[in-house]
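Chain by chain, the residues:
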Amino acid sequence: MGGGGQLTAQGETGNRRSFDLYTWEEVQRHSHRNDQWLVINRKVYNITQWATRHPGGFRVIGHYAGEDATDAFAAFHPDPIFTQKFLKPLLIGELAATEPSHDHDKNVARMQDFRTLRDDVEKKGLLQARPLFFCLHLGHIVLLEALAWMLLWLWGTSWSLTLLCAVLQATAQSQAGWLQHDFGHLSVFKKSKWNHLVHKFVIGHLKGASANWWNHRHFQHHAKPNIFSKDPDVNMLNVFVLGDSQPVEFGIKKIKHMPYNHQHKYFFLIGPPLLIPVYFHIQIVQTMLSRRDWVDLAWCMTFYLRFLYSYVPFYGFFGALALILFVRILESHWFVWVTQMNHLPMDIDHDSHQDWLSMQLSATCNVEQSAFNDWFSGHLNFQIEHHLFPTMPRHNYHLVAPQVRTLCEKHGIHYQEKTLMQGFVDVVRSLRKSGDLWLDAYLHK
C-alpha cells in the first residue's frame, strides 16, 4: 500500500472495494515490461497482464508505464465510456491528495490549456466525420484502378501505356494508404468496430497489407513520436543516424555500420525506393505469420489474387509481378517523402517526458495548405493537428489549426509551417547534418 492511506469506493454491484493511495515515486517504480502501472485522471491502473491483450499492442501502452497517460488515453480512445469496462478491473488505487496530477515536472498551464482546447473541439463537433467525404475518396481510388486497367484493355501494353498504368496504380495505392490511415485512426465511423472492419478491407483488399501490423506500429509513433526505442519510425536499423544526439553517441563509441557522413546520398538509393517493396513487405509477412494472424493474411491475399487476375492476361504471371513491384517502388517514393518531411527534420531524441502538446510540437511540423497539398499528402500536411487529435477526421484539420497556432503562441511553442518543396529539402538537409555530427564525433571525440 502506497503512502499508508486507503480509499473506499462504491462499485456498481454494491460491493465496497478498498483502493490504495500512491505517490508518483511508487508509480514510477512499475515501469518494466513485466511490471507496469500507469495513471489516467489520477487513477492508478495495473496494466501488467492487460498489456498483451491491448488492441493497440502491448508496446504502445507499455511506453506510458510509470507515467501519466491521461492525454494519450483521451487522444486514442474516442469512446471513453466504452473503455471504462476494460479499465475497471485494472484499477488499483489513485494518487494521494498531496501528489500533483502530472509527472516529471510537466508544464501544468500548457496541459490545462490543451485540455480546454480539446473540450472545445469536442463541443464544436470537430471529431465528427462527414461520410460523403470518405465515400468520394474511396470512389476516386476505385476510378483510378479502373482507368489503369482500361488503358491496357482498350489500347494495349506498349511501354508508354504500361508506364501510365503503373503511375495510375501507384496513385491509387498512395491514396488508399491515406484512406486506410483514416479508418485505422477510428476517425470515420462513430463505432470503433465499423472503423476496424473497413480498415481491414481498405488496407487488406485495396493495398495488400495487414491492419494489425499497421495498428501496432503506427500507434507507437503517435504515442511517442521521434523518441528512440519507442517510435518505430526512427528505428533505422543502424542504416541511418538521426537527430543531434544519436550521431554523437555513435561517433564517440566509434560505431560505423555505414558511412553516415554520406547518408544524405545513399538515402536516395535505399530509402524511398525500398521501404515499402522490401522492408515493409518483409515485416508485414513476418508479423502475420508469427502472430498467426490468418484474418489479415486472408485479406492481404485477396489483393494479390485480384491484381494477378487483372494483369496476368496482359503480361503473364512474371510480368504481372514485375508490374506490382514497379508500382510499389513508385508508391514507396511518394510515401517516404510525404511522411518524412513532417518528422525527420524535427527533434529526435530519447524520452524527456514532455506534456502532450510540447511533445507533439517538437516532433512535427506542417506543410502549407493548398488543394494539391491536401490531396497529395492525405491532409498530413496538417501533421501538427493530426498528432494532437489523432481521431479527428482530416477534413477538419484546417478548422482547428488557427486555435492550435494561438495556443502555441501563448506558451512560446514554435508552430512550424513550410512549403512542400522546403519540406522535401529539409529531409536531405537533416540527414546531412546528422551525418556531419557523426563524422566529427567519430574523428575527434
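Cut-offs applied
- Within each chain, residues carry numbers counting from 1 in the order of the written sequence.
- Selection of residues for local features in this predicted model requires a pLDDT of at least 70, selection of side-chain atom pairs for listing and counting requires 80 or more, and totals for whole chains, interfaces and linings are taken over all residues.
- Computation of side-chain values covers all heavy atoms of the structure but excludes hydrogens and water.
- Think of it this way: any DSSP run of H or I at least four residues long counts as a helix, any run of E at least two long counts as a strand, and we number them from the N terminus.
- The atom set for the radius of gyration is the C-alpha atoms, and the globule formula is 2.2 Å times the number of residues raised to the power 0.38.
- Relative accessible area decides the class of each residue, using a 1.4 Å probe on protein chains only: under 20% of the type maximum gives buried, over 50% gives exposed, and in between gives partly exposed.
- Contacts are assigned to residue pairs with any non-hydrogen atoms lying within 4.5 Å of each other.
- The Shrake-Rupley method, run with a 1.4 Å probe, gives the accessible areas here. Residue values count only the displayed protein chains as cover.
- The sign given to each residue is positive for Lys and Arg and negative for Asp and Glu; His and the chain ends receive no count.
- In plain terms, the charge of a residue is placed at NZ if it is Lys, CZ if Arg, CG if Asp and CD if Glu.
- For each structure, a 1 Å grid was placed over the protein atoms alone; sets of points admitting a 1.4 Å probe that cannot get out are labelled cavities, open sets with protein on both sides within 12 Å along at least five of seven lines are labelled pockets, and lining residues have an atom within 4 Å of a point.
- Grid points are joined across faces, edges and corners, and a volume is the space filled by probe spheres set on the points.
- In this count, Pro and Cys sit with the nonpolar residues alongside Ala, Val, Leu, Ile, Met, Phe, Trp and Tyr, while Asp, Glu, Lys and Arg are called charged and the others, Gly among them, polar.
- Take the number of residues in a helix, subtract one, and multiply by 1.5 Å to get its expected span.
- Salt bridge, as applied in this entry: a Lys or Arg side-chain nitrogen positioned within 4 Å of an Asp or Glu carboxyl oxygen.
- What makes a patch is a set of residues exposed beyond 30% relative accessible area and free of salt bridges, joined within 9 Å when like-charged and within 5 Å when nonpolar (Val, Leu, Ile, Met, Phe, Trp, Tyr).
- In this analysis, axes come from line fits to C-alpha atoms, helices being fitted only over the stretch in contact, and the angle between any two N-to-C directions falls in the range 0 to 180 degrees.
- Relative orientations are named as follows: roughly parallel for angles under 35 degrees, roughly antiparallel for angles over 145 degrees, roughly perpendicular for angles from 65 to 115 degrees, and oblique for any other angle.
- Two helices crossing with the near one rotated counterclockwise from the far one by less than a right angle form a left-handed crossing, whereas a clockwise rotation gives a right-handed crossing.
- A residue's pLDDT is the predictor's confidence in that residue, given on a scale from 0 to 100.
- By nonpolar core is meant a set of buried Ala, Val, Leu, Ile, Met, Phe, Trp, Tyr and Cys residues that side-chain atoms within 4.5 Å join together.

A. Quick look at the overall build of the protein. For the protein, the helix and strand inventory stands at 18 helices and eight strands. A compact globule built from 445 residues should have a C-alpha radius of gyration of about 22 Å, and the protein, at 23 Å, falls within 12% of that. Taking the principal axes of the C-alpha coordinates as reference, the protein spans close to 80 × 60 × 45 Å. Out of the 445 residues belonging to the protein, those deemed buried represent 53%. Looking at the protein alone, contacts between residues at least 24 apart form 71% of all its contacts between residues at least 6 apart. Carbon and sulfur atoms make up 62% of the accessible area of the protein, which totals about 21200 Å². Placing the 41 positive and 38 negative side-chain charges of the protein at their respective mean positions leaves the two points 5 Å apart.

B. Molecular detail of empty space enclosed by the protein. Here the structure, examined in full by the defined rule, presents one cavity of 30 Å³ or more. In this structure, the largest cavity encloses a volume near 100 Å³. What lines the largest cavity is a set of 15 residues, among which Tyr64, Asp68, Lys106, Gln354 and Trp356 lie closest to the centre. In terms of residues, the lining of the largest cavity owes the most to one element, helix α3 (residues 70-76), which gives three residues. When grouped by side-chain class, the residues that make up the lining of the largest cavity number six nonpolar, two polar and seven charged.

C. Local environment of helix α8 (residues 192-206). With 15 residues, α8 should reach 21 Å at 1.5 Å per residue; the first-to-last C-alpha distance of 20 Å fits that figure. Where α8 is concerned, the buried positions are Asn195, His199, Lys200, Val202, Ile203, Gly204, His205 and Leu206. Buried-residue contacts for α8 involve α6 (131-155), α7 (159-184), α9 (211-223) and α13 (294-340). Glycine 208 sits one or two residues past α8 and shows a positive phi near 75°.

D. Structural context of the side chain of glutamine 383. Structurally, glutamine 383 is set in helix α16 (residues 383-388). The exposure class of glutamine 383 is buried, given its relative accessible area of 4%. The residues contacting glutamine 383, other than those within four sequence positions of it, are Asn342, His343, Thr364, Cys365 and Asn366.

E. Seen up close, the pattern of salt bridges. In the structure shown here, the tally under the stated rule is 22 salt bridges. Its salt-bridge partner being aspartate 103, residue lysine 106 comes within 3.0 Å of it at the nearest N-O pair. With a relative accessible area of 1%, aspartate 103 lands in the buried category. Connected via shared salt-bridge partners are Glu67, Lys224, Lys230 and Asp351.

F. Layout of α7. Along its 26 residues, α7 runs 37 Å from first to last C-alpha, staying within 8% of the 38 Å computed at 1.5 Å per residue. Among the 26 residues that make up α7, 21 are buried, leaving the element largely enclosed by the rest of the structure.

G. Summary view of a nonpolar patch on the surface. Side chains of Trp149, Met150, Trp153, Leu154 and Trp155 sit close together on the surface and give an oily, nonpolar patch of about 580 Å² of accessible area. Relative to the assigned elements, tryptophan 155 resides in helix α6. By relative accessible area, tryptophan 155 is classed as exposed at 60%.

H. A look at the packing of helix α10 (residues 245-252) against helix α18 (residues 420-444). One can describe the packing of α10 onto α18 by two numbers: an axis separation of 7 Å at closest approach and a directional angle of 30°. Classified by the angle between their axes, α10 and α18 sit roughly parallel to one another. Considering how the two elements wind past one another, α10 and α18 form a crossing that is right-handed. Here Pro247, Val248, Phe250, Gly251 and Ile252 of α10 lie close against α18, whose contacting residues are Ser434, Leu437, Trp438, Ala441 and Tyr442. When the residues that make up the contact of α10 with α18 are grouped by side-chain class, the tally is eight nonpolar, two polar and no charged.

I. Fine view of the confidence of the model for the protein. Scored by pLDDT, the protein comes out at a mean of 94, with 96% of its residues at no less than 70. Low pLDDT (under 50) marks residues 1-16, which in the prediction has 31 contacts with non-local residues, meaning those over four places away or in another chain.

J. Highlighting the environment of glutamine 286. Residue position: glutamine 286 is located in helix α12 (residues 275-290). With a relative accessible area of 52%, glutamine 286 lands in the exposed category. Through-space distance from the C-alpha of glutamine 286 to that of alanine 211 is 14 Å; in sequence the pair is 75 residues apart.

K. Representation of the nonpolar core within the structure. Residues Trp356, Leu388, Phe389 and Val404 are the most contacted members of the largest nonpolar core, which totals 53 residues. Here this core gets six residues from one element, more than from any other, and that element is helix α17 (residues 397-410). Setting aside anything within four residues of it in sequence, one finds leucine 388 in contact with Ala75, Phe114, Trp356, Leu357, Gln360, Leu361 and Val404.

L. Representation of the packing of α7 against α8 within the structure. In the contact formed by α7 and α8, the axes pass within 8 Å of each other and the chain directions differ by 160°. Of the possible angle classes, the one that applies to α7 and α8 is roughly antiparallel. α7 and α8 meet at a crossing whose hand is left-handed. Along the contact surface, α7 presents Gln173, Ala176, Leu179, Gln180, Phe183 and Gly184, while α8 presents Asn195, Val198, His199, Val202, Ile203 and Leu206.

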